[in-house]
Structure formats: C-alpha cells, structure tokens
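A look at the structure
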Amino acid sequence: MSSLRIITNGRIIDPKNDRDEVADLYIKDGKIAESLSDEEIQNAETTNAKGLVVCPGLVDVHVHLREPGQTHKETIQTGSWAAAAGGFTTIVCMPNTNPAADTAGTIQYINDAAQRDAVVHVYPTGCITQGRLGEKLAPIGSLKKAGVVAITDDGDCVQNNEIMRRALEYCKMFDLPIMDHCQDMSLTENAVINEGEWSIRLGLKGWPAAAEDIIVARNALLSELTGAHVHMQHISSAGAVEVMRRAKLRNVNVTAEATPHHLALTDACIKDYDTNCKMNPPLRTEADRQALIEGLRDGTLDILATDHAPHTNYEKDKEFDYAPFGILGSETCFAVSQQILCGEAGIPLNDVIAWLTYKPAELVKLPAGTLTPGAPADVAILDPEGTWTVNEETIFSKSQNSPWWGDELTGKTVATIVAGKTVFENGQIVG
Amino acid sequence: MEWTRKDLIGIEPLSREEIEAIFTVASGFKRILGRSVKKVPALRGKTIVNLFLEPSTRTKLAFEMAASRLSADVITVNADASSFVKGETLKDTARNICALNADMIVLRHSAPGSAKYLSEIVDVPVINAGDGSHEHPTQALLDNFTMLEHFDSLEGKKVTILGDILFSRVARSNIFSLTKLGAEVTVAGPATLVPKTFESMGVKVVHDLKTALADADVVMLLRIQHERQSSTHFPSLGEYTSMFGINKARAKWLKPEALIMHPGPINRGVEIDSELADSDRSVILEQVTNGIATRMAVLYLCTGGSMSALENSAE
C-alpha cells in the first residue's frame, strides 16, 4: 500500500473546517495533506469518489465491545470490524466488561487487544466506581494514566448523589468527562419498556421517562456545583431534552448524545414483543422522538452515538422480560441517522456528519473527526443514496440483534480509511 | 363462521364474531356437562400438555377437566418440577414437549408475551392460560359467558372492574372482550393500581368507589396480587379494604340486579366481605363452572374441531 493517496472528485464534507466542496483529498504518510507535489501525484494511489461523500472517519463515543469477558457476543476485533463497516474510524468502548474496566490492568488489556486486533482506533473508558457498584470510587487517576478518555459506570447509573458529586470533583482534576447512563433505579425496578400506552397494553413493567429526567437534572445540578463536565448518554425523553436545554441556558458544563434508534423508533415497535426493540433507556413515544430531533437541531443535544450493544441470538431469543437490553448500532448508524435526520427532518447532511465526527471527538478530546491538513488520515467514503440490506453479509458484528435485520436501508459506507490505510471497502474488511 | 385460529394467545386479536363463536360452542358443551355421561370423544387420542410455570389452582384444574371431558390425555408440568429450575429456556422446553408428540400446549407463564413467543416456536396449538400481566383470554371468555347467562346481550351494559388493574391480565383480557362485545367498561381502584393511561384502551378510569359502583350492571372484583406488586402501590391491605373493599353496606350502592364477579382466588375480607362473596348476588362459582365449558370450546376449536360436528354430537 502506497503511503500517498488521492481520493478524487468526492464531495468533501468537513464540518469542523466548514468545508463542503467537490475536490480531491490528499493523504501522505497516514495524514491529511494540503497538497501533493506533481511527482507525488504520479505515484499516489487514486480512489475515485465521484458522486460520493468524503468526510472524516466517523467517531462513536458509545460502543460495547464485550471484551474481556463476554466474547461470545463481540470482541474488540469484531466490534472494530462493525465500526469500520459503519464508516467509523474511532470508537470509545464502555467499561461494563467482565471484569469491569475499573483497574489500570484491565485498561491495559483492552489497549493491548485493540492494538493487536482492531482495525479502527479504540479508546477505552474506565469505571466511576469499583465494580460499577456505585459504592466506592474506582482508581480514576490510575485509569487516566492507563489511557481512558472518560469515566462512566454505563448501564449502572450511580444512585448515590454524594458519590456522584465526589466523582465529578475528582474527575475534574484530571479533565476527564463523566459519561452517565441516566436512570433512577428506584423508579425502574424490573422495568423493560417505556411506561405509557404500550406498557399498559402489553402488561410489561414500565420505565417512566421521569426516571431519566431526574438523573439528567441531578447531573446538571452537580455539574453546576463542581464545574465538572457531565455527558448524558443516550437521551431518550422529551423531558430530559428540556432539562438539558435549561441547563445549557445557564452555561452548565453538560453535553448529551442521542442514538439513531431513539431517533427512528418508538415503543409501538414492541407491540409483538420484539426483543430487538428492547434497549435501555427504552424506546419512547413519538413525542419524545420528535423532541430528540428538535434537541439535535437546536443544539440542546450535542452528538450522535450508537450504544452498539451486541447480544447473541440465543440470548435475545427469549421471553421479552428475560432478554437482555441493547441492539447493534455501528453498521446501521449512518443510514438510520441520515434517513431520519436528513430524509424525514430535513436537517443538512453536514450537521449529521458534524454530530458523528468532530463534535464527539472534541467531547472526549480525541485527535479525530476532521480533515484538517496534518490530522490523521481517518476518512469515510459514504454514499448517502446507496441502499443495502441488513443481513449476514453486511453485519460484521459477532451478533445479529438489530431491529432493522432484513430491512433495506439508505446510506451506505463505500470505504473506511484509518491512518491512510483502507480497512473496509466493497463490503469487506480489508484491514 | 369457521374458526381458523390454531392458537388462542389473547382476546385482543379476536373479532367479536370469533368470541361469539366460542360462546356458541361453549353452550353446546355446557349442555353436555349437564348430562349423566359428561364426556365426548372429540379429542380422543390427543395429548394436551399443561405447561404451568406459575402457580395456579382454578385455571389448571379447569383446563385438565376440560381436556378430560373431551377425552384428551392431559399431562401437567409445574414450574417447580420442570427443567425450568435447571435453567432450561422456554424454547428448549417447548421443543422437547413437541418432540414427545404433544398435540397442544396450554401455557401459564409470568412473562408477558410468552404465549405469543411460544406459538411462534412450535407448530402445535398454544393456548394462553395467563402470561404475566398481559392476557388471560379464557378467563375473560368465561366471565363474559357467565354475564351472558344473566343478560341477553352485553351491548350497552356497564361493567366495573375494581382493584389491581395495573398488574391484572384478567382486567386486560376483559377490557378487550367487553369492549368488543359492546359493553362500557370502567376500571376503578387506587390511582397507583389504576393509572389514567388505561383510558387509551377505551375504558373509563375512576378512583371513587361509589361512582364506580353506582350504575354498574356487573362489578368484577380483582384480587390484590401481592406477588406482582412492589410494596409501594398502597399503604396496607387494611387501607385498601377501607377505601375499596366491598361489604354489605357498600353493596347497597349497586343496582339491585347487579352481578358481583371475581376470578378467584378471593382474599376474603380484603377486596370482598366474606358474607357478600357467598351471597346470591355473587356468581363466583358459576364462573368456575363455566370455566370448563368455555375452555372445552377453546381446546376443541383450536385443534380443528368444527361447530357443525359438535352440534350433531350434542343432540
């Protein structure tokens, strides 16, 4: 593979640099180059991207790679394949592994495995509390030294406000954001679906939106108290969007993400107890879905993230109550996001790409998400009009738990380039 | 009409005509149950497995009784005696039952949607005998069948369902069937167990007992289900009784001809005063008896029995 590359005639969308033009993109020695010499151009490998979008490789700050400990669902390798197939070049993995990523040793393991097995950049997060139990702070300083980019007990929201307050104060010292899965556990015991018409009709235990809104409010108040950056994961309710909106008006140091599935689906999808529509937080109502779209549009919500959560078929193929929460997200993110946000809501593609590139990268301070000359040559070549079907051929995750399984989606990854090297092309991993 | 369903998963998918077809067949079976020889050969040679993964007395007995009146062989599997406790999944248990050539599965399970899930796994008919808080279709059928023995039609009749609605599969199935049959349904009880959201199912929500009882033609009491509620739904059983329990004095709020029903098991002295439960206004035991005929009808129809064949054998 040549270290010189030209991606020609693509529509270059680089929101960080306000760039949207048909042009050639130059890559030299794994970095974006301003230009190449005539001789270099002669020797460069050329990729024709006519009619396609050329943008920074996508960045996902919320994936579950399941390694160590749950490698029957996913591994760092297969999760990185799924990411590459979705146009992602940088992913941030959650610490709810087994053991939980609450020691420098486990972070080292993840970094070593990523170095060895992954085809995209993988950055780990570490736990807020030991064992994600919400009781005692994890060694956050050591985790930072080992390379975590954020701290989170993802999936197990810290319930004790004193511990959360101290975690925020402590993390601020290291300039580490805290990512929180916002869920009041006392309001959601055994809950499996949004509380509303569908929980009533189906007889399933409801998860009221207020349980999310309360913690979003709590986090905003504690951020205000401590000055620490709290990032609210997968906001799903209209109420939480409103709490975020008011916090931002007061310039509180909070950010939030929305997932493609909460933007695209509602709890009505569960009418036949489809466990591939079971996730946490749950799919909510049409009004919530619209509020999320508006929240993104007006900047209340900052970024998109997938919450890619692989589970095997045999784990999902169960009574609804017993199936685990979570769905795949990496491969389907761009298609679903552009279908809903551009196709349905009329939001410019550039904004969607911003929410998937430099904005999440800046949120966790990663060297990613732009095509600025000198930046790592992490590039996605996307076909917003390209169609594809979600099936064994197109899903690279070890698992298949997608609500879109078998569906045709619009918005396709043509190629994914990491540090100048193609890792995904023509529907195949080539890394 | 011709019955075309293999399974009875819930009342929600049924049409009014299908519900009435079950009642027609049930009436035929009820006449047979009045004869000295109470058995018909309709399901001779068939094996029905009652897979009861949650405790039950009435429903289990009624299904066993219904199956034996139809001459089927019945095997009942209880949760504590099954491989469920060893961690076998419902899917594997069911496939094993089918591999043993069972002809039908009657499922009682604590997980909502489990009967539908099972029906998608196995080819044999699946009858829902209660899936968590979701549906209990044969209970609604026997309840409505019993009402129809007292009223010519349920069109415009006012039915109040009182008690723990939130966790009740009996309430949900009755809401579906009664509204399909033209009745006006009110659900009543404490706001914690009768959330306003039930209005989306086309019923009235009332938290005042007197209002709930005033113009009801039928009041259906539901058991307070200790096993499904967390402790936060009301202060105490005593307070529940003082606010929503029916006693002789409160029964005077009812119209004189109103029926009192209860799907059982009764908590005597909690939702209903003991004497009242045994009084002639109560049709609780009629419900139990009708549970056999209606379940015979369901087993018969879902195994492909035709209505005309039944009419010949009943005469």
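Residues numbered from 1 in each chain as written. Chains lettered and ligands numbered in written order. Predicted model: local features only at pLDDT ≥ 70, side-chain atom pairs only at ≥ 80, totals over all residues.

1. With respect to the overall build of chain A
Along chain A, the regular secondary structure elements total 14 helices and 19 strands. Rg of the C-alpha trace for chain A: 21 Å, near the compact-globule value of 22 Å for 431 residues, within the 12% margin. Looking at chain A residue by residue over its 431 residues, the buried ones come to 61%. Taking as baseline every contact in chain A between residues at least 6 positions apart, the subset at least 24 positions apart corresponds to 77%. (Helix = DSSP H or I, 4+ residues; strand = E, 2+ residues; numbered from the N terminus. Rg over C-alpha atoms; globule rule 2.2 N^0.38 Å. Buried ≥ 20, exposed ≤ 12 C-beta atoms within 10 Å, placed from the backbone. Contact = placed C-beta atoms within 7 Å.)

2. Digging into the overall build of chain B
Helix and strand counts for chain B stand at 12 helices and 9 strands. For 315 residues, the compact-globule formula gives about 20 Å, and the C-alpha radius of gyration of chain B, at 19 Å, lands near that figure. The C-alpha extent of chain B, read off along each of the three principal axes, is 55 × 50 × 35 Å. Taken across its 315 residues, chain B has 48% of its residues classed as buried.

3. Let's talk about the sheet that holds strand 8 (residues 121–124) of chain A
Residues and elements named next belong to chain A. One open sheet holds the 3 strands; their spatial order is 6-7-8, and the pairing between them is parallel. Among the strands making up the open sheet, the edge pair consists of strand 6 (58–63) and strand 8. When strand polarity is set aside, the average angle formed by the axes of neighbouring strands in this sheet is 20°. Relative to strand 8, strand 7 (residues 88–93) is paired through 4 bridges, and the arrangement is parallel. Looking at strand 8, one finds that T90 is bridged to H121. (Pairing = 2+ DSSP bridges. Axes fitted to C-alpha atoms, helices over the stretch in contact; angles between N-to-C directions.)

4. Examining the pairing of strand 6 (residues 184–188) of chain B
Residue and element names in this part refer to chain B. Among the 5 residues in strand 6, 4 count as buried, and that is most of the element. In this structure, strand 5 (residues 158–162) lies alongside strand 6, joined through 5 bridges in parallel fashion. Looking at strand 6, one finds that K158 is bridged to E184. As paired strands, strand 6 and strand 7 (residues 204–206) are joined by 3 bridges and run parallel to one another.

5. Observations concerning the packing of helix 7 (residues 209–226) of chain A against helix 8 (residues 238–249) of chain A
Two quantities define a packed helix pair, namely the angle between the axes and the distance from one axis to the other. Residues and elements named next belong to chain A. Closest axis-to-axis distance for the helix 7/helix 8 pair is 8 Å, and the angle between their directions is 15°. Relative to helix 8, the element helix 7 is oriented roughly parallel. Considering only the axes of helix 7 and helix 8, their crossing is right-handed. Side by side, helix 7 and helix 8 meet where A209, A210, E212, D213, V216, A217 and A220 of the first sit next to G239, A240, V243, M244 and A247 of the second. A class-by-class count of the residues in the contact of helix 7 with helix 8 yields 9 nonpolar, 1 polar and 2 charged. (Parallel < 35°, antiparallel > 145°, perpendicular 65-115°, else oblique. Left-handed = near helix turned anticlockwise from the far one by under 90°. Nonpolar A, V, L, I, M, F, W, Y, C, P; charged D, E, K, R; others polar.)

6. Looking at unusual backbone geometry
Residue and element names in this part refer to chain A. Each neighbour pair has its own omega, and for N98 with P99 the value is 5°, a cis peptide bond. Mapping P99 onto the fold places it in the loop between strand 7 and helix 3 (104–117). Although it is not a glycine, N190 sits at a positive phi angle of roughly 60°. Residue placement: N190 occurs in the loop between strand 10 (178–180) and strand 11 (193–194). A residue is classified by how many C-beta atoms lie within 10 Å of it, and N190, with 11 of them, is exposed.

7. Observations concerning the environment of A:H261
Residue and element names in this part refer to chain A. Inspection of the secondary structure puts H261 in helix 9 (residues 260–264). When the 27 C-beta atoms within 10 Å are taken as the criterion, H261 is described as buried. Sequence spacing of H261 and N160 is 101 residues, and the spatial spacing of their C-alpha atoms is 29 Å.

8. A look at the sheet that holds strand 14 (residues 254–258) of chain A
Residue and element names in this part refer to chain A. Spatial ordering of the open sheet is given by 9-10-13-14-15, a layout of 5 strands whose pairing is parallel. Looking at the sheet topology across the chains shown, the edges are occupied by strand 9 (151–152) and strand 15 (303–304). Where strand 10 meets strand 13 (residues 230–232), 3 bridges bridge the pair, whose relative direction is parallel. Paired with D180 across the bridge in strand 13 is M232.

9. Remarks on the confidence of the model for chain B
Residue-level pLDDT values for chain B average 91, and 96% of them are 70 or greater. In the predicted assembly, ipTM is 0.92 and pTM is 0.94. (pLDDT = per-residue confidence, 0-100.)

10. What to know about the packing of helix 2 (residues 58–69) of chain B against helix 11 (residues 284–302) of chain B
Residues and elements named next belong to chain B. Viewed as axis vectors pointing N to C, helix 2 and helix 11 meet at an angle of 55°, and their least axial separation amounts to 8 Å. In terms of orientation, helix 2 lies oblique with respect to helix 11. Here helix 2 runs over helix 11; the crossing is right-handed. From helix 2, R58, A62, F63, M65, A66, A67 and R69 reach across to helix 11, where they touch V288, G291, I292, R295, M296 and L299. Residues belonging to the contact of helix 2 with helix 11 are distributed by class as follows: 9 nonpolar, 1 polar and 3 charged.

11. Overview of the domain arrangement of chain B
Residue and element names in this part refer to chain B. Assigned domains of chain B: these are domain 1 (16–135 + 291–314) and domain 2 (137–287). Computed over C-alpha atoms only, the centres of domain 1 and domain 2 are separated by 26 Å. Domain 1 puts 19 residues into the contact, and the matching count from domain 2 is 18 residues. Among the elements that make up the side of domain 1 that touches domain 2, the one with the highest residue count is helix 1 (residues 16–33) (5 residues). Considering only residue class, the side of domain 1 that touches domain 2 consists of 6 nonpolar, 8 polar and 5 charged. (Domains from an automatic or database assignment.)

12. Section: the environment of B:S282
Residue and element names in this part refer to chain B. Tracing the backbone through its elements, the reader meets S282 in the loop between helix 10 (274–277) and helix 11. Classification of S282 as buried rests on a count of 20 C-beta atoms within 10 Å. A C-alpha to C-alpha distance of 43 Å links S282 and K86, two positions 196 residues apart in sequence.

13. Re the nonpolar core
Within the largest apolar cluster, 237 residues are counted, with the highest numbers of intra-cluster contacts made by A:M244, B:I105 and B:L299. No other element matches helix 11 of chain B, which puts 9 residues into this core. Each of domain 1 (16–135 + 291–314) and domain 2 (137–287) of chain B accounts for three or more of the residues forming this core. When neighbours within four sequence positions are excluded, B:L299 is seen to be in contact with B:L43, B:I48, B:A66, B:A67, B:L70, B:M104 and B:I127. (Core = buried A, V, L, I, M, F, W, Y, C linked by C-beta atoms within 7 Å.)

14. Focus on helix 6 (residues 169–180) of chain B
Residue and element names in this part refer to chain B. Here helix 6 contains 12 residues, and its C-alpha end-to-end distance of 17 Å stays within 8% of the 16 Å for a straight helix at 1.5 Å per residue. Of all 12 residues that make up helix 6, 11 are buried, and the element is covered over most of its length. Elements in contact with the buried residues of helix 6: helix 1, strand 4 (126–131), helix 5 (137–150), strand 5, strand 6 and strand 8 (218–221). G182 occupies a position one or two residues after helix 6 and carries a positive phi of about 95°. (Expected span 1.5 Å × (residues − 1).)

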